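Reading the structure
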Amino acid sequence: MSEEKKFEHVKIEKVDEGNYAVVSINRPDKLNALQNQTLREIAEALETIEIDEKVRCVILRGVKEYTKKPAFSAGADLSARGGPKLNMENIRHRSHAMYLRHKYYDLIEEFPKPLIAAVDGYALGGGLELVLVCDLVIASKKSEFGFPEIRRGIFPGNGGTQRMIRNLGKMRVNRMMYFGEHFTAEEMYSMGLVSFLVDDDKFEEFVHEKASWLGNAATNALFVIKKCIQYGTQVPLNVGLQFEHWAYALNTTSKDVIEGVGAFLQKREPKFQGK
Ligand code: COA
């Protein structure tokens with residue numbers, strides 16, 4: 001495992017044999033609570049690895065070495081108000097702070113390679129909103145999810161109301177947001193928000209296995225799946241099907257298609273290059 005350029009709130013590591021990178025939110029004393037800087041650094045970290053051909057999948061997680069309680073992220077940093085240059089009494093400054101947050105969540109969602117949220121602990125508020133901009137969720141059984149914002153007089157305004165309703169039904173989303181309760185990983189799995197539910201002691205190994213699988217898979221095909229799902233759900237079916245049609249044509253120019261089909265015909269395992 002080699003360590004990359006250092007950020008203040010975030011750590012990037014590359015796992016060469018799995019062709020993946022790990023972006024860890026590194027604020028353990030605050031249960032990885034998010035400031036605008038944290039979100040900006042996550043977006044920048046992803047940007048630095050976007051065109052790195054050796055990285056074909058990314059894990060987003062809370063730092064493994066926790067100091068207080070294990071957490072993916074306990075949400076917005078309640079001890080921080082705006083940024084040093086922002087006057088939060090001014091509506092335009094408040095609006096700008098929200099513009100920045102939305103921008104960072106959008107940038108993270110746009111990352112073109114598979115992005116796995118590896119949740120081992122709390123994923124609350126803005127932390128859960130971060131989960132929503134990932135492609136897959138692997139959660140350990142001890143993890144807890146929720147939108148506690150209402151208990152602080154606020155609401156999930158970093159895309160939460162809009163992205164969660166595109167994942168779960170209205171009555172479930174309202175329950176989560178109206179009451180601010182925590183939900184177990186098992187409950188979230190049964191609702192369909194968690195892709196893989198894993199025993200606590202198997203978590204690290206499982207995350208590595210899934211990231212390595214994606215890191216060695218057909219990267220271009222994963223890219224078009226990601227974009228078809230992401231945009232196809234936002235347009236009428238005929239437009240989505242046209243999008244899929246052209247995405248399919250684009251993917252057939254990939255060398256990995258020749259490898260995948262060839263390997264099947266030759267009765268061997270494919271060796272995808274991500275090209
Ligand atoms: N922002 C800033 N600091 C936070 C934080 C947040 N969102 N969540 C936790 N922390 C800090 C706590 O202040 C505490 O710091 P301290 O040890 O210096 O006092 C530390 O992280 C550990 O949290 P603590 O509350 O002592 O742990 P706990 O196990 O009793 O409870 C939580 C864990 C996550 C249930 C609880 O911290 C919590 O409810 N946090 C706020 C979650 C939230 O409302 N998020 C949405 C924000 S809009």
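Please refer to the structure placed before this passage.
Residues numbered from 1 in each chain as written. Predicted model: local features only at pLDDT ≥ 70, side-chain atom pairs only at ≥ 80, totals over all residues. Heavy atoms only, no water.

1. With respect to the overall build of the protein
Stated precisely, the cut-off is as follows: Helix and strand definitions follow DSSP, with helices as H or I runs of at least four residues and strands as E runs of at least two, each counted in order from the N terminus. Radius of gyration: C-alpha atoms only; globule rule: 2.2 Å multiplied by the number of residues to the exponent 0.38. Relative accessibility decides the category of a residue: with a 1.4 Å probe and only protein chains considered, values under 20% of the type maximum give buried, values over 50% give exposed, and everything between is partly exposed. For this analysis, residues touch if any pair of their heavy atoms sits within 4.5 Å. Accessible surface area values rest on a Shrake-Rupley calculation with a 1.4 Å probe, where residue burial reflects the displayed protein chains alone.
The helix and strand tally for the protein stands at ten helices and eleven strands. In terms of overall dimensions, the protein is globule-like: its C-alpha atoms have a radius of gyration of 19 Å, near the 19 Å expected for 275 residues. For the protein, the proportion of its 275 residues judged to be buried stands at 47%. A separation threshold of at least 6 residues defines the contact pool for the protein, and within that pool the share at least 24 residues apart is 65%. For the protein, the exposed area adds up to about 15100 Å²; of that, 55% sits on carbon and sulfur atoms.

2. Overview of the packing of aromatic side chains
One pair of aromatic rings is described through two measures. These are the centre distance and the angle between the planes. Spelled out, the test is: Aromatic rings from Phe, Tyr and Trp, taking only the six-membered ring of Trp, are treated as a pair when their centres fall within 6.5 Å; an angle between ring planes under 30 degrees marks them as stacked, one over 60 as edge-to-face, and anything in between as tilted.
In the structure shown here, the tally under the stated rule is two aromatic pairs. Measuring from ring centre to ring centre gives 6.3 Å for tyrosine 231 and phenylalanine 243, while their planes differ by 55 degrees; the resulting arrangement is tilted. Here phenylalanine 243 lies in helix 9 (residues 237–251) and tyrosine 231 lies in helix 8 (residues 219–232), a separation of twelve residues in the sequence.

3. Digging into the site of the ligand
The criterion, for reference: Residues are classed as near a molecule or strand on a simple rule: at least one heavy atom within 4 Å of it. N or O atoms closer than or at 3.5 Å make up a polar contact, with two conditions inside protein: a donor-capable atom paired with an acceptor-capable one, and, for residues adjacent in sequence, both atoms drawn from side chains. The classification used treats Ala, Val, Leu, Ile, Met, Phe, Trp, Tyr, Cys and Pro as nonpolar, Asp, Glu, Lys and Arg as charged, and all other residues, Gly among them, as polar.
Neighbouring residues of the ligand: 17 residues in total, closest Lys68, Lys69, Ala74, Ala76 and Arg152. One nitrogen or oxygen atom from the main chain of alanine 76 is found 2.9 Å from a nitrogen atom belonging to the ligand. The separation between a nitrogen atom of the ligand and a polar main-chain atom of leucine 78 is 2.9 Å. A per-class count over the shell around the ligand returns nine nonpolar, one polar and seven charged.

Nothing here speaks to function; it is all geometry.
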